[in-house]
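Structural features, examined
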Amino acid sequence: VNPRALTSWVGIARLLAVVLSCLTFSLVASTGRFEAPYGTWCMFTWCFCFTVTLLVLLLELLELYPLLPLSWDDFTSAFSMLAALMVFTSSVVFPATFISSPCSSSRCARQAVATTASCLCFLAYAVEVSLTRAKPGDISSFLSTVPGLLKVFEAYVACLIFSLLDYYSGEPGLMWCVAVYSICFIFTLLIIIFTIGRCLTYIPCPLEKVLVGYNFLALLMYLTATILWPLYSFRGKSRPDPCGTDCPWNKHLGVTFLTIFNLIAYLVDLVYSTRMVF
């Protein structure tokens, strides 16, 4: 038994994340209101993060993780970054979708407490990410470095983009943008999987320079998508009134901002990767 798995700062952050995620999904389940795609996503996020974090704590407490055929540091770094992003998204989506004003009923009070617990859970995962992030000059685990964490961010933002895609067939510019999102997502996901599975060492080429080249190409591709997506999506179209949650105009606007976020992420990724290599 390794008691430091629970008493270290990282262990305490994980314990807080377990307690807060459990509190969040328990309160939301007690309200009975988590239907529709957004509610299902939020409930899945809290349950998934609770389960995996509890499993990580048990494996480290019993010192069983060396038996797993994967890079444990890369896996925990990638998961904590992913969990922080997922919980942050749920902390924004859930109150915007299910909490109405004025908030006076007991069910609304439980939803408000659940939202607060979800925000605190995000902070716990953010602290874990900051505690496990590799220090300058330490490249023992790639996914704990800034470029590695950005890879997780880029893949997650691409997933959000896919969830908002609607009515893009028939427009060559929009179809090119979808191809950009798909190609970059696939390659980024493969990098994450190969890193966790310790498969990158079998690639017969200078991996660091390949990553720099990929980041440069992805940056150029996202630059074209940043220009073409709003050009083809909003050309000759004004925002309809009313425009609800499932309004295509709002979804296209969301894709536009997420594309810009990923463009910035790939730019920062390229700068950091270049500094690490050269």
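Quantities reported herein were computed from a predicted structural model and do not represent experimental measurements. (Residues numbered from 1 in each chain as written. Predicted model: local features only at pLDDT ≥ 70, side-chain atom pairs only at ≥ 80, totals over all residues. Heavy atoms only, no water.)

Some details on the domain arrangement of the chain
One frequently used descriptor of interface size is the decrease in accessible area upon assembly of the parts. In terms of domain boundaries, the chain breaks down into domain 1 (1-138) and domain 2 (140-277). At the interface, 19 residues of domain 1 touch 17 residues of domain 2. When the two sides are added together, the surface that domain 1 and domain 2 hide from each other amounts to roughly 1,600 Å², 67% of it contributed by carbon and sulfur. The tally of links from domain 1 across to domain 2 stands at 0 salt bridges. For the interface between domain 1 and domain 2, the tally reads 5 residue pairs in polar contact (both at pLDDT 80 or more). Only α3 (36-61), α4 (72-98) and α5 (106-132) provide two or more residues apiece to the side of domain 1 that touches domain 2. Of the residues forming the side of domain 1 that touches domain 2, the biggest block, 10 residues, is contributed by α4. (Domains from an automatic or database assignment. Contact = heavy atoms within 4.5 Å. Buried area = accessible area lost by both parts, 1.4 Å probe. Salt bridge = Lys/Arg side-chain N within 4 Å of Asp/Glu carboxyl O. Polar contact = N/O pair within 3.5 Å; in protein donor to acceptor, adjacent residues only side chain to side chain. Helix = DSSP H or I, 4+ residues; strand = E, 2+ residues; numbered from the N terminus.)

A closer look at the packing of aromatic side chains
What the rule picks out here adds up to 16 aromatic pairs. Between Y65 and W72, the aromatic rings sit 5.2 Å apart at their centres with planes inclined by 25 degrees, giving stacked as the arrangement. Relative to Y266, the ring of Y214 lies with its centre 6.4 Å away and its plane at 80 degrees, an arrangement referred to as edge-to-face. A residue pair is termed long-range when its members are at least 10 positions apart, and Y214 in helix α8 (residues 207-234) and Y266 in helix α9 (residues 248-277) qualify at 52 residues. Here Y266 falls in the buried class, since its relative accessible area comes to 1%. Through a chain of ring-to-ring contacts, three or more aromatic side chains come together here, namely Y181, F187, Y214, Y222, W229 and Y266. (Phe/Tyr/Trp six-rings, centres within 6.5 Å; stacked < 30°, edge-to-face > 60°. Buried < 20%, exposed > 50% of the residue type's maximum accessible area, 1.4 Å probe, protein only.)

Quick look at the state of the cysteines
Considering all chains together, one arrives at 0 disulfides under this definition. Between C42, a free cysteine, and C47, which holds the nearest cysteine sulfur, the sulfur-to-sulfur gap is 11 Å. You can see C177 has no disulfide; the closest cysteine sulfur is in C184, sitting 11 Å from it. (Disulfide = S-S within 2.5 Å.)

Overview of the pattern of salt bridges
Evaluation of the coordinates by the stated rule reveals 4 salt bridges. The salt bridge involving D269 is made with K151; its shortest N-O contact spans 2.4 Å. You can see D269 sitting in helix α9 and its partner K151 sitting in helix α6 (residues 146-164), a full 118 residues away along the chain. Across the pair, exposure class does not vary: D269 and K151 are buried alike. In this structure, K251 engages D166 in a salt bridge whose closest nitrogen and oxygen atoms are separated by 4.0 Å. Here D166 lies in the loop between α6 and α7 (172-196) and K251 lies in helix α9, a separation of 85 residues in the sequence. Owing to a relative accessible area of 17%, K251 belongs among the buried residues under this scheme.

Some details on the environment of F162
Mapped onto the elements of the fold, F162 is located in helix α6. C-alpha of F162 to C-alpha of T53: the two residues are 109 residues apart in sequence and 26 Å apart in space. Apart from the residues lying within four places of it in its own chain, the contact partners of F162 are Y181, S182 and F185.

Some remarks on the UniProt feature "transmembrane region" (unreviewed entry) in the chain
According to UniProt, the feature "transmembrane region" (unreviewed entry) maps to residues 6-29, 41-59, 79-100, 173-200, 212-232 and 252-272 in the numbering used here. When the span residues 41-59 is considered, its composition is 100% helix and 0% strand, and the gap between its end C-alpha atoms is 27 Å. Taken end to end, residues 252-272 is 100% helix and 0% strand, and its two terminal C-alpha atoms sit 30 Å from one another. (UniProt positions renumbered as here; feature names shortened; annotations may be inferred.)

Structural notes on the environment of S130
Positionally, S130 belongs in helix α5. On a C-alpha basis, the gap between S130 and S77 in space is 9.7 Å, while along the polypeptide they are 53 residues apart. Within the structure, the side chain of S130 is placed 2.7 Å from the backbone oxygen of V127, a separation counted as a polar contact.

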